[in-house]
Amino acid sequence: MDKTIADLRQDYTLEDLSETEVNSNPFVQFKEWFDQALSANILEPNAMTIATTTTQGVPSARMVLLKDFDDRGFVFYTNYNSQKAQELAENPQAALVFWWAELQRQVRICGWVEKLDDAESDKYFYSRPFNSRLGAWASNQSEVIESREVLEKHLQELTEKYQNQDVPRPPHWGGIRVIPTEIEFWQGRSSRLHDRLVYRRKEDNSWKIERLSP
């Protein structure tokens, strides 16, 4: 008999997660886990879900790519006219989720957002391949288009326009930083008794670590 969705189960037995072993700084702890995800040859370990909401509380979520992180927060790049960027302009709060199945790990991040300054956005934009820079101009992200051919025609026109030239960064394209107020590290454990350690930012910007029930 074929399995049903309800029959799909996976027991997690690889690792555990202890308060005595994690770093007191969540960004250092994230780097340790991210480096391990890189070493595990996970496909796009920087892929993350970002969830946003409108001011009316209507949620939406999609996958984006993490492009930088440090003690200030987690950075991705987008068209500022896109749905996610417009929702973040209306309600500057976001949630991120990383899922590294091969390591049976999840990281959940909640916080406020800010746009990167022009210098930071320029630095990343000019590091991108030529076709990726053209793509930032070619796509009016999240807008309805008549067909794929319209998009490809626009890209061809831009390719001809900027042949043998630098492609400037569009004014509507740049970086967004998620400044976390909470970061949760989740390690799968057997019998669904998973380890969950959450870092919560205190008023003095230090972090409190607490264990959550699975």
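Conventions and cut-offs
- Residues numbered from 1 in each chain as written.
- Predicted model: local features only at pLDDT ≥ 70, side-chain atom pairs only at ≥ 80, totals over all residues.
- Heavy atoms only, no water.
- Helix = DSSP H or I, 4+ residues; strand = E, 2+ residues; numbered from the N terminus.
- Buried < 20%, exposed > 50% of the residue type's maximum accessible area, 1.4 Å probe, protein only.
- Polar contact = N/O pair within 3.5 Å; in protein donor to acceptor, adjacent residues only side chain to side chain.
- Contact = heavy atoms within 4.5 Å.
- Axes fitted to C-alpha atoms, helices over the stretch in contact; angles between N-to-C directions.
- Parallel < 35°, antiparallel > 145°, perpendicular 65-115°, else oblique.
- Left-handed = near helix turned anticlockwise from the far one by under 90°.
- Nonpolar A, V, L, I, M, F, W, Y, C, P; charged D, E, K, R; others polar.
- Core = buried A, V, L, I, M, F, W, Y, C linked by side-chain atoms within 4.5 Å.
- Arc of directions from axis to C-beta.
- Phe/Tyr/Trp six-rings, centres within 6.5 Å; stacked < 30°, edge-to-face > 60°.

A.B. asks: I tried to follow the side chain of Arg 169 on my own but got confused; where do I start?
C.D. replies: Looking at the element boundaries, Arg 169 is found in the loop between α5 (148-161) and β7 (173-187). Residue Arg 169 is classed as buried on the basis of its relative accessible area, which comes to 15%. For Arg 169, the side chain forms a polar contact with the side chain of Asp 122, separated by 2.6 Å. Other than its neighbours up to four places away in sequence, Arg 169 contacts Asp 118, Ser 121, Asp 122, Phe 125, Tyr 126, Trp 137 and Gly 174.

A.B. asks: So what exactly am I meant to see when it comes to the packing of helix α4 (residues 130-138) against α5 here?
C.D. replies: In helix packing, the relevant descriptors are the interaxial angle and the interaxial distance, both defined with respect to the helix axes. Following both chains from N to C, one finds α4 and α5 inclined at 120 degrees, their axes separated by 9 Å at the closest point. Overall, the two elements α4 and α5 adopt an arrangement that is oblique. Where α4 crosses over α5, the handedness of that crossing is right-handed. Across the interface between the two elements, Phe 130, Leu 134, Gly 135, Trp 137 and Ala 138 of α4 pack against Leu 151, His 154, Leu 155, Leu 158 and Thr 159 of α5. Of the residues that constitute the contact of α4 with α5, the class distribution is seven nonpolar, three polar and no charged.

A.B. asks: What am I meant to see in unusual backbone geometry here?
C.D. replies: Leaving glycine out, the prevailing phi sign among residues is negative, and the prevailing peptide bond configuration is trans. Phi angles above zero are rare outside glycine, and Ser 142 is one such case at about 80 degrees. Within the fold, Ser 142 resides in the loop between α4 and α5. At Asn 205, a position not held by glycine, the phi torsion is positive, near 70 degrees.

A.B. asks: Would you mind going over the nonpolar core with me for this structure?
C.D. replies: Generally speaking, nonpolar side chains in soluble globular proteins are found buried as a group. Core analysis: the biggest nonpolar cluster contains 32 residues, and Phe 30, Trp 100 and Val 107 have the highest contact counts within it. Per-element accounting of this core gives the leading share, five residues, to helix α1 (residues 26-39). When residues no more than four places from it in sequence are discounted, the contact partners of Phe 30 are Leu 66, Phe 69, Phe 74, Phe 98, Trp 100, Val 107 and Phe 185. One finds Ala 136, Ala 138, Leu 158 and Val 167 within the second-largest nonpolar core, a separate group that totals twelve residues.

A.B. asks: Just to check I follow, could you spell out helix α3 (residues 118-125) for this structure?
C.D. replies: By the burial criterion, the buried members of α3 are Ser 121, Tyr 124 and Phe 125. Looking straight down α3, one finds that the buried residues subtend no more than 100 degrees of arc, so they occupy a single side. Exposed and facing more than 90 degrees away from the buried side of α3 are Ala 119 and Lys 123. Residues of α3 that are buried in the fold lie against β4 (73-79), α4 and β7.

A.B. asks: Got a minute to help me understand the packing of aromatic side chains in this structure?
C.D. replies: Any aromatic ring pair is given by two values, namely how distant the centres are and how the planes are angled relative to each other. All told, the structure shown has 20 aromatic pairs when counted by the stated rule. Judged by centre distance (5.3 Å) and plane angle (90 degrees), the ring pair of Trp 33 and Phe 185 falls under edge-to-face. Residue Trp 33 is located in helix α1, and its partner Phe 185 is located in strand β7; the two are separated by 152 residues in the primary sequence. In terms of burial, Trp 33 and Phe 185 fall into one category: buried.

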